[in-house]
Structure formats: structure tokens, C-alpha cells
Amino acid sequence: MIRIDILSATPELLESPFSGSILRRAIEKNIVEVYFHNLRDYSTDKHNKIDDYQFGGGSGMVLMIEPIDNCIQELKKSNNYDEVILMTPDAKLLDQKISNKLSTLKNIMIICGHYKGVDQRVRDNLITMELSIGDYVLSGGELPAAVLCDSIIRLIPGVLNNETSALTDSFQDNLLAPPVYTRPANYNNIKVPDLLLSGNKSKIEDWREKKSIEKTKKVRPGLLKK
Ligand code: ADE
């Protein structure tokens, strides 16, 4: 059982990704436990304030350290976290290798950044890792946290019906996945490659590898250099 705690200023944004399909099933099968924590519940301010203006001036609100620290300390009373991860666009990029590694852990805490950012003292003192899901800025860390959780949870044994299917995903060997086809074999005269209908397993495997390499060279040549 892996336990994931997510700290957020808007936890309602997290609900739908976890309430459908594979993630919901993983939770129902008791393979993963996911808990959302509203940072406002850990504010000591009478208006439940969790953000403030930045010192030195400048636009945008900054998430304060106190509610985050209060929430983390409360959770640490009952759990030992392997990683405390801050989702923020100004961080190292998430990739399949990181997801693979995180999928082997037992307790993960994820903090969703917000507004202009998070007080640097959180980043310097309270977390173990920072991750971005891509070089673009979203309104908050909730969708990135859901993306991270999805990429981790689907790798845990027992979550996907067909265990091998995560192993042949794109990126598992720094290659993009080959094209896939299903019925009908001929759709309005647009045809599936003959080889795939031949039943020749080893030729099909060679073809898939060739297509993977071609596609990676064309659209993501940087992956081949890794
Ligand atoms: N918060 C806002 N944008 C983000 C991104 N690209 N990755 C992670 N967290 C974010």
C-alpha cells in the first residue's frame, strides 16, 4: 500500500482526476490511499489566510510558510515520508525515470504551489524534492500533482489489468511507443499495415522497434541521446 498526501489551497480541484477510471480503481483495490488536505485548515489567521504580498514589492501573492509547516508537522506525527515534493514550474522536469522511482516508495507528500509561488523558506527547509510537469505555467500545482500521481500509480503492480502494458509505454526505454491499430483492418480503404495481420511475432516485434526509433528520431531526437 502506498500512501499519498496532497496539500493544496484548492483541494476541490484535485477530486475529479482521482474519481474515475484507473486511479479510482487503484484506490478501491486498496493499492493506494490518497488524502487531500486544505491548507486553509492549518492557518492560524482568523480569516484563514494562507498567502500574502511579497517582501520587497512586486505583483502576486505568495503562499505563507506557516500553514504549510503546520500541516506537514501534523501529518509527520503519524507518517514517515520518503519524499515531500513541491509542484512548481521553476523546477526539474518530471520524467518516466522519476515516476518509476517514486512508484516504489511507501509515503509521499505533495505540496501544490500557487499564485506567485511559495515562500522560499518552505523550499529550503520543508521539502525533499521539487518537480515541474513542463515548461509552461499553470494556475496552480493541483493539475501537476494529479499528473504526477497518475504517472506513479499506474506503475504500481496490480493497478493496470495487463501488467506488461506499462513496460511497453513510451519513455520506458527512452523511445516513443510504436503506432497501434485495431479493428477494422480496412476502414474506408485506409488500411492497417499488412505485417501486423501476418501473425509473425518476431517480424512484428522488429517492425515495432523500427517504428519506435523512426518516430523518436523525428519528433523527440533528444530522447535518443539520453
Ligand atoms: N505549477 C504551475 N505550473 C506548473 C508546472 N508546469 N509544473 C508544476 N507545477 C506547476
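Residue numbers here run from 1 along each chain, matching the order of that chain's written sequence. Per-residue local features are limited, in this predicted model, to residues with pLDDT of at least 70; the limit for side-chain atom pairs, both in listing and counting, is 80 or more; totals at the level of whole chains, interfaces and linings are taken over all residues. Computation of side-chain values: all heavy atoms of the structure, hydrogens and water removed.

## Thoughts on the overall build of the protein
For the purposes of this entry, the term helix denotes a DSSP run of H or I that reaches at least four residues, the term strand denotes a run of E that reaches at least two, and both are numbered from the N terminus. Helix and strand content of the protein: eight helices and ten strands. Reported as C-alpha extents along the three principal axes, the dimensions of the protein are approximately 70 × 40 × 35 Å. Looking at the protein residue by residue over its 226 residues, the buried ones come to 39%. Contacts between residues were defined by any pair of non-hydrogen atoms, one from each residue, lying within 4.5 Å. At a minimum sequence separation of 6, the contacts of the protein that also span at least 24 residues come to 76%. For every accessible area listed, the method is Shrake-Rupley and the probe measures 1.4 Å; residues are considered covered only by the protein chains on display. Accessible surface, the protein as shown: approximately 13600 Å² in total, 51% of it carbon and sulfur. For the protein, the distance from the average position of its 30 positive side-chain charges to the average position of its 30 negative side-chain charges is 9 Å. Whether a residue is buried, partly exposed or exposed follows from its accessible area with a 1.4 Å probe, protein chains only, as a fraction of its type maximum: under 20%, in between, or over 50%, in that order. We count Lys and Arg on the positive side and Asp and Glu on the negative side, and we leave His and both chain ends out. Throughout, a charge is located at the NZ atom of Lys, the CZ atom of Arg, the CG atom of Asp or the CD atom of Glu.

## As for the pattern of salt bridges
The salt bridge criterion pairs a side-chain nitrogen of Lys or Arg with a carboxyl oxygen of Asp or Glu, the two atoms within 4 Å. What the rule picks out here adds up to nine salt bridges. With a closest N to O distance of 4.0 Å, K49 and D52 form a salt bridge. For D52, a relative accessible area of 30% puts it in the partly exposed group. Close ionic contact of E130 with R123 constitutes a salt bridge, the shortest N to O distance being 2.7 Å. Residue classification places E130 among the partly exposed residues on the basis of a relative accessible area of 24%.

## A look at the sheet that holds strand 7 (residues 117–118)
Paired strands, in this sense, are two strands between which DSSP finds at least two bridges. An order of 3-4-7 is seen for the three strands of this open sheet, with the pairing classed as mixed. At either end of the open sheet lies a strand with only one pairing partner, and these are strand 3 (51–53) and strand 7. Two elements, strand 3 and strand 4 (residues 61–63), share three bridges in a ladder whose sense is antiparallel. Within the sheet, the bridge partner assigned to Y53 lies in strand 4 and is M61.

## Considering the site of the ligand
It suffices for a single heavy atom of a residue to lie within 4 Å of a molecule or strand for the residue to be listed as near it. Taken together, M87, T88, P89, L131, S132, I133, G134, Y136, V137, L138, G140 and P144 form the complete shell of residues around the ligand. The term polar contact refers here to a pair of N or O atoms within 3.5 Å; inside protein, the definition further demands a hydrogen-donor-capable atom paired with an acceptor-capable atom, and it admits residues adjacent in sequence only when both atoms are side-chain atoms. Separating a nitrogen atom of the ligand from a backbone N or O atom of L138 is a distance of 3.0 Å. In isolation the ligand exposes 260 Å². Once the protein is present, 97% of that is buried. When residues are sorted by character, Ala, Val, Leu, Ile, Met, Phe, Trp, Tyr, Cys and Pro go into the nonpolar class, Asp, Glu, Lys and Arg into the charged class, and all the rest, Gly among them, into the polar class. Here the residues of the shell around the ligand are counted per class, giving eight nonpolar, four polar and no charged.

## Details of the side chain of S103
On the secondary structure map, S103 appears in the loop between helix 4 (96–102) and strand 6 (107–112). Here N100 takes part through its backbone oxygen, which lies 2.7 Å from a polar atom of the side chain of S103. Setting aside anything within four residues of it in sequence, one finds S103 in contact with I152, L155 and I156.

## A short note on the domain arrangement of the protein
Where a domain begins and ends is set by an automatic assignment or by a domain database. By domain assignment, the protein separates into domain 1 (2–153) and domain 2 (171–225). On a C-alpha basis, the centroid separation for the pair domain 1 and domain 2 is 37 Å.

## A word on the environment of L160
With respect to the secondary-structure elements, L160 resides in the loop between helix 6 (142–153) and strand 9 (186–187). In contact with L160, other than residues within four places in its own chain, are I22, R154, S165 and A166.

## Here's the deal with the pairing of strand 5 (residues 83–87)
Within strand 5, five of the five residues are buried, which leaves the element mostly enclosed by the surrounding structure. Going residue by residue along strand 5, you find E83, I85 and M87 tucked away on one face and V84 and L86 tucked away on the opposite face as well. Two strands pair when backbone bridges link them, and strand 5 and strand 6 are joined in this way by five bridges, in the parallel orientation. Following the sheet pairing, I85 is matched in strand 6 by I110. Consider the strands pointing away from the viewer: the crossover is right-handed when the path from the first strand over the helix to the second runs clockwise. At this point the chain moves from strand 5, through helix 4, to the parallel strand 6, and the crossover so formed is right-handed.

## Some remarks on the nonpolar core
We call a set of buried Ala, Val, Leu, Ile, Met, Phe, Trp, Tyr and Cys residues a nonpolar core when their side-chain atoms join them within 4.5 Å. Among the nonpolar cores identified, the biggest contains 29 residues, and I4, I6, L102 and I153 are the most heavily contacted of them. At the level of secondary structure, the elements contributing two or more residues to this core comprise strand 1 (2–8), helix 2 (21–28), strand 2 (32–38), strand 5, helix 4, strand 6, strand 8 (129–131) and helix 6. For this core, the element with the most residues is helix 6, which contributes six residues. Sequence-distant contacts of I6, defined by excluding residues within four places in its chain, comprise L14, F18, V34, Y35, F36, H37, I110, C112, A145 and C149. Residues I72, V84, L126 and I127 belong to the second largest nonpolar core, which totals 18 residues.

## A look at helix 6
Expected span of a helix, by definition, is 1.5 Å for each gap between consecutive residues, and there is one gap fewer than residues. Its twelve residues give helix 6 an end-to-end C-alpha distance of 16 Å, which sits within 8% of 16 Å, the value for a rise of 1.5 Å per residue. Counting buried residues along helix 6, nine of its twelve residues qualify, which places the element largely inside the surrounding structure.

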